Amino acid sequence: MWRTGGVLRVRVLSRGAARLCSSNPSNTSSSSSSKSISPPRFQAEKQRRRREREQTILSSQHSSAEDKPVKWTEKQRILYTATTPPGTKKDTSLPFPTSYSPEYVESSWYQWWEKEGFFSPEQHERLPQAVDRTFSLCIPPPNVTGTLHLGHALTVAVQDALVRRRRMQGYRVLWVPGCDHAGIATQTVVERRLLREEGKHRHNFTRDEFLQEVWKWKNDKGEEIYKQLRSLGASLDWSRACFTMDPGFSRAVTEAFVRLCDVGLIYRSEGLVNWSCALESAISDIEVDSKELSGPTMLSVPGYENKVEFGTMFTFAYPIDDHDGEVMVSTTRPETMLGDVAVAVHPDDPRYQAVNGKQCRHPFTNRLLPIITDSMVDMELGTGAVKVTPAHDHSDFLLSQRHSLPRLTVIRGDGTMTPPCGQWLEGVKRFDARQFVVDALVERKLFRGKKSHAMTLPICSRSGDIIEPLLKKQWFVRCDQMAKKALQAVEDGQLQIIPDYYNKTWKTWLSSISDWCISRQLWWGHQIPAYQVELPNCTDTKEERWVWGQSEDEARQRAAIRYGVRPEAITLTQDPDVLDTWFSSGLFPFAMLGWPEQTTDLLHYYPISILETGNDLVFFWVARMVMLGTELTGQLPFKQVLFHSLVRDKHGRKMSKSLGNVIDPLDVIHGVSLERLQEKVMEGNLDHREQLVAIEAQRKDFPKGIPQCGTDALRFALCSHKMQGEDISLSVSQVLSCRHFCNKMWQTLRFTLGVLGHTTAPLASLEETTPLSSMDQWICSRLYITVLKCEQAFEAYELHTVTSALYSFWVHSLCDVYMEHVKHVLAHDEGAMVQPNTEGSDSMRHVATSVLYHCVSVSLALLSPFMPFITEELWQRLQPFRHGAASQTSLSLQPYPCSSQLAHWHFPEVESAFLLIQEVIRTARSLRAQCGMTKDKPAMWAVCTPSQAQVLLHFGSAVWTLSRTSCLHIYCPQGSDNLHSTPPPEGSLIEWSERRETDPAALPAQRQACSKVEGNSLQSPIS
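Residues numbered from 1 in each chain as written. Predicted model: local features only at pLDDT ≥ 70, side-chain atom pairs only at ≥ 80, totals over all residues. Heavy atoms only, no water.

Caption draft 1: Spotlight on the overall build of the protein chain. Looking only at helices and strands, the protein chain has 29 helices and 38 strands in total. Taken over 1023 residues, the protein chain has a buried fraction of 57%. Across the protein chain, contacts joining residues at least 24 apart in sequence account for 78% of those joining residues at least 6 apart. Counting only carbon and sulfur atoms, one obtains 49% of the accessible surface of the protein chain, whose full area is about 42,800 Å². (Helix = DSSP H or I, 4+ residues; strand = E, 2+ residues; numbered from the N terminus. Buried < 20%, exposed > 50% of the residue type's maximum accessible area, 1.4 Å probe, protein only. Contact = heavy atoms within 4.5 Å. Areas by Shrake-Rupley, 256 points an atom, 1.4 Å probe, with all protein chains shown as cover.)

Next up, the structure:
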């Protein structure tokens, strides 16, 4: 029950609260704040932070410059208009558009990939780089009712990056798509549709008729998620797509239930469960949302015309039988007082020594409530007395087990009061009964008042109903022994959790695990393959007899053997309930491969290589997969678990439908108006304040809507965050920045294709290309280091390091430095005063062209796992210049670059020397900026040591080209035998670059500039 403390007060004592203490965490469906998982102080702090975030959103000012909305202008949308039948290869011989457009780039490629079977493991044998290794994983099956949000998009981006790289490395790769039947969610959606369109409720149909309606809805609407996955570029093997209600998967669910029953790991018992009265079903813990209330709050509850007040503490008195005193009970749910069966105090509490063993008199039923002692009562808190309601509170239920107390259910599954409450309350709705009880207490002069009370209210995420802990006979999975095996697997290193700090969470959950209720009172789902047995001539109706089997015939044979009767004399009635959706999801890694049959897929791809998912599913899905997989297959379902962080909005709030801040990835890919975003909020089921907050947050964050960013930019932005750390606060400005990177790649290809178009000699292969000039050697070495970083980071699952290295190479090394330099080389410019290597020669130009081609081509391959569409588009346009390129070849099947392949391109001395060149270039640009020389190209003198002079000579053309000077003069005051130089003219602008070391590669420690300028000359002394 949702009461803070479940408090008893003796009149002569000060009023306070009392609670039960336990070493085990309370069940999350209990809403008593004294018996809550989180301490009241933590809940108050959480509520305070939420109010602050809401207030910040609703305030008129932005808290910082970073919070201001990103400025953007609508880009020109270029469409691919060539006639390309679905599944045929896109025509890349068309003129190259002048700018990047996601719509143009992403057209047609996915259909071609899918039709050609590039995502199937069967294509492995055709790969020249094929190795005898397997990589398999499954996508966490999203609910068939929903649409993907940015959290799903992160999962897809991460998994697809891992999958595509392994496929390019020659692994036999299987990535299985799937969808969960989502029992409660799907049934709720269909029931609402039938009520809206036909005015009918579920019970107006037979079970079979209703299930036909669900399947009809699923076939019409259930493919939306698969469309989204394709839009995200997920390289899934669609021929193996798995739905948890498919016949094969359903057989696996039945097999699992029967096997676990046979070994005693599934049993039927009476227990307290999370119950939704609106759904008339037990629900999972993960389907329970917590709503923080600071005080009296009016809330809409399904089935009630008027709003119901929560956040109020009621106090009333129990008279002590044969005693002058009374005890007072404080509760947020006075209607449940009809189910009180005892009062508990601590055995060592001196205040209650005189009443231990006495009884209280119930004012309405006249029952006697014993005062019992229990060491779990916290006698330091409040009066130290707790009222016990076992049938409606999880902690009280455990206490009743220890003291053999009765369990009196006073609320039915439909939310109305039961007959034991008396005729005056029987059939009354639970929250209407609340006021009836309070009025009756006032009439009997036992009511002692009410006050504001902060509390946490558990709400069904599917129906919006207030959760009711109810006592029900259900099927349970016995978890303790399976949990011990799961714990041992991590401790022994058989199962690796990444990052390893989740080991503590793993241990906490599994060490305090309780048995798992798997019964759900629904029609949509896997009907429990258990049958109640009715024997001939049996008069004992109290005892329940149950059997289970793969079919009713098998169950009948089992019953006949168990009870010693003829099969035809037995009457069987199948349990109408269905299994918890998480039970079938827990079988996914092996059921998707055909288990329990020993299929080829099961033999080749199980256990799967890795399980990658969000860190919010540690217990609800991952732990259960480990427990069920180990028990049913004898193997761990996977050897590694990779958790990524949650995606939050820019205000730090978890993206949730209940907050109205969920962003559809397709809205980021294609763009969306502010009006449409706000329409989606209005279509949701938010209360008025949450709606206001959501709409205001959108107005501030997206005043012009969300710009079209494209799939590649979204994927790259998601993978650029450190996923093994703090939660991800993704802003659209970050995705937009990645779109700018896409355009940078596009313009790079425009330049490269222009260079290649003027090349007559065939390009050398990467292995045959030997960089000649210092700049060619530098960019080749930078590429080698980039490939090495990618290898190391991929193996550590640090995808943010990979994306950072690739972005840095493409933008800062390839574009900002090498391409700016190579323009001069390819333009036959002979105007340099320092040009000893004659880099304008034909051979130099040809090598530079090959280096440029391979740097771009290799970089596209490196980026392909993250940005599959743009890399395919650009790589295909390079293929006419590659000798022996096959027309049906895709970048997705090319060998992934490896450092050993580029070992001949590693020039560490050149890279070290180039640090000096970069400093000189930076200094020259700084001097030009001080002079306002935006167009002029002044002469530059570098005053340096002889060793530094040799480095400058080696990179001479790069210095004057990249520093935008007309020529470079080198002056060595100490003298140099092979360098004839003159000092800089008087009055040159000077900037000093002092160096801590004599090594020419050392970085400058400090600089100082003088402001006098004469004769358009710059002087850069290096000491």
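Caption draft 2: Here's a closer look at the pattern of salt bridges. This structure, assessed with the given rule, holds 49 salt bridges. Linking arginine 165 and glutamate 795 is a salt bridge whose minimum nitrogen-to-oxygen distance equals 3.2 Å. In this pair, arginine 165 sits in helix α4 (residues 150-168) while glutamate 795 sits in helix α23 (residues 774-795), placing the two residues 630 residues apart along the sequence. For glutamate 795, a relative accessible area of 45% puts it in the partly exposed group. With a shortest N-O distance of 3.0 Å, arginine 556 and glutamate 552 are connected by a salt bridge. With arginine 556 and glutamate 552 both in helix α13 (residues 552-563), this residue pair falls four residues apart, about one helical turn. Judged by its relative accessible area of 37%, glutamate 552 is partly exposed. In the salt-bridge network here, residues are joined through shared partners; they are Arg333, Glu335, Arg430, Arg434, Asp465 and Glu468. (Salt bridge = Lys/Arg side-chain N within 4 Å of Asp/Glu carboxyl O.)

Caption draft 3: Inspection of α4 at higher detail. In this model α4 runs 26 Å from its N-terminal to its C-terminal C-alpha over 19 residues, within 8% of the 27 Å that 1.5 Å per residue would give. Extensive coverage of α4 is indicated by the burial of 18 of its 19 residues. Positive backbone phi, approximately 95°, marks glycine 170, located one or two places after α4. (Expected span 1.5 Å × (residues − 1).)

Caption draft 4: Representation of the nonpolar core in the model. By size, the foremost hydrophobic cluster in this structure holds 161 residues, and its most contacted members are Trp810, Leu814 and Phe866. Among the elements that make up this core, the one with the highest residue count is helix α24 (residues 799-826) (14 residues). Dropping the residues within four chain positions of it, leucine 814 is found in contact with Thr748, Ile779, Phe809, Met819, Leu852, Cys855 and Val856. Among the nonpolar cores identified, the runner-up in size contains 66 residues, and Val253, Ala483, Ile497 and Trp516 belong to it. (Core = buried A, V, L, I, M, F, W, Y, C linked by side-chain atoms within 4.5 Å.)

Caption draft 5: Geometry of unusual backbone geometry. For the bond from isoleucine 498 to proline 499, the omega torsion is -5°, close enough to zero to count as cis. Position of proline 499 relative to the elements: it lies in the loop between β22 (496-498) and α12 (502-511). Between tryptophan 595 and proline 596 the backbone carries a cis peptide bond, its omega angle lying at 10°. Relative to the assigned elements, proline 596 resides in the loop between α15 (588-591) and α16 (600-605).

Caption draft 6: Highlighting the sheet that holds strand β26 (residues 546-548). With antiparallel pairing, three strands are arranged side by side in an open sheet as β26-β25-β27. Every interior strand has two partners, whereas the edge strands, β26 and β27 (571-574), have only one. This sheet shows a mean twist of 40° between the axes of neighbouring strands, independent of strand direction. Summarising the sheet, strand β25 (residues 530-534) and β26 pair through three bridges and their orientation is antiparallel. Paired with glutamine 532 across the bridge in β26 is tryptophan 546. Across the sheet, α13 is in contact with β25, β26 and β27; its angle to β26 comes to roughly 130°. (Pairing = 2+ DSSP bridges. Axes fitted to C-alpha atoms, helices over the stretch in contact; angles between N-to-C directions.)

Caption draft 7: How the structure looks around the sheet that holds strand β30 (residues 640-644). With respect to topology, three strands assemble into an open sheet ordered β22-β30-β29, the strand pairing being parallel. Two strands in the sheet have a free side with no partner beyond their single neighbour: β22 and β29 (611-614). Sheet twist, expressed as the mean angle between neighbouring strand axes with direction ignored, is 20°. Pairing between β29 and β30: four bridges, direction parallel. The residue of β30 that forms the bridge with threonine 613 is phenylalanine 643.

Caption draft 8: Structural detail: the packing of aromatic side chains. Under the counting rule described, the total for this entry stands at 39 aromatic pairs. Seen from their ring centres, tryptophan 778 and phenylalanine 914 are 4.5 Å apart, and the 35° between their planes marks the pair as tilted. With tryptophan 778 in helix α23 and phenylalanine 914 in helix α27 (residues 908-931), the pair connects residues that are 136 residues apart, well separated along the chain. With respect to class, tryptophan 778 is no different from phenylalanine 914; both count as buried. Ring pairing ties together the aromatic residues Phe716, Phe741, Phe794, Tyr807, Phe866 and Tyr896, which thus form one cluster. The cationic tip of arginine 202 hangs over the ring face of tryptophan 523; the distance from NZ or CZ to the ring centre is 4.9 Å. Above the face of the tryptophan 516 ring, arginine 624 is positioned so that its terminal group lies 4.0 Å from the ring centre. (Phe/Tyr/Trp six-rings, centres within 6.5 Å; stacked < 30°, edge-to-face > 60°. Lys NZ or Arg CZ within 6 Å of the ring centre and 35° of its normal.)

Caption draft 9: Highlighting the packing of helix α5 (residues 183-198) against helix α6 (residues 207-221). At their nearest, the axes of α5 and α6 sit 10 Å apart, and the two run at 100° to each other. As far as their axial angle goes, α6 and α5 are roughly perpendicular. Where α5 abuts α6, its residues Thr186, Gln187, Val189, Val190, Glu191, Arg193 and Leu194 lie against Phe210, Glu213, Val214 and Trp217. (Parallel < 35°, antiparallel > 145°, perpendicular 65-115°, else oblique.)

Caption draft 10: Region of interest: the layout of surface pockets. Counted as a void, the second largest pocket has a volume near 650 Å³. Forming the boundary of the second largest pocket are 22 residues, of which Glu191, Cys277, Ala278, Leu279 and Pro302 lie nearest the centre. The element that contributes the greatest number of residues to the lining of the second largest pocket is α5, accounting for four residues. Tallied by class, the residues present in the lining of the second largest pocket amount to seven nonpolar, seven polar and eight charged. (1 Å grid on protein atoms, 1.4 Å probe; cavity = no way out; pocket = protein on both sides within 12 Å on 5 of 7 lines; lining within 4 Å. Points joined across faces, edges and corners; volume = space filled by probe spheres on them. Nonpolar A, V, L, I, M, F, W, Y, C, P; charged D, E, K, R; others polar.)

Caption draft 11: The arrangement of the packing of helix α25 (residues 842-863) against helix α26 (residues 868-878) in detail. α26 packs onto α25 with a crossing angle of 150° between their chain directions and a minimal axis gap of 9 Å. Put simply, α25 runs roughly antiparallel to α26. Of the two elements, α25 crosses α26, and the hand of that crossing is left-handed. Along its contact with α25, which presents Tyr853, Val856, Ser857, Leu860 and Leu863, the element α26 presents Thr871, Leu874, Trp875 and Leu878. Its residues placed into classes, the contact of α25 with α26 shows seven nonpolar, two polar and no charged. (Left-handed = near helix turned anticlockwise from the far one by under 90°.)

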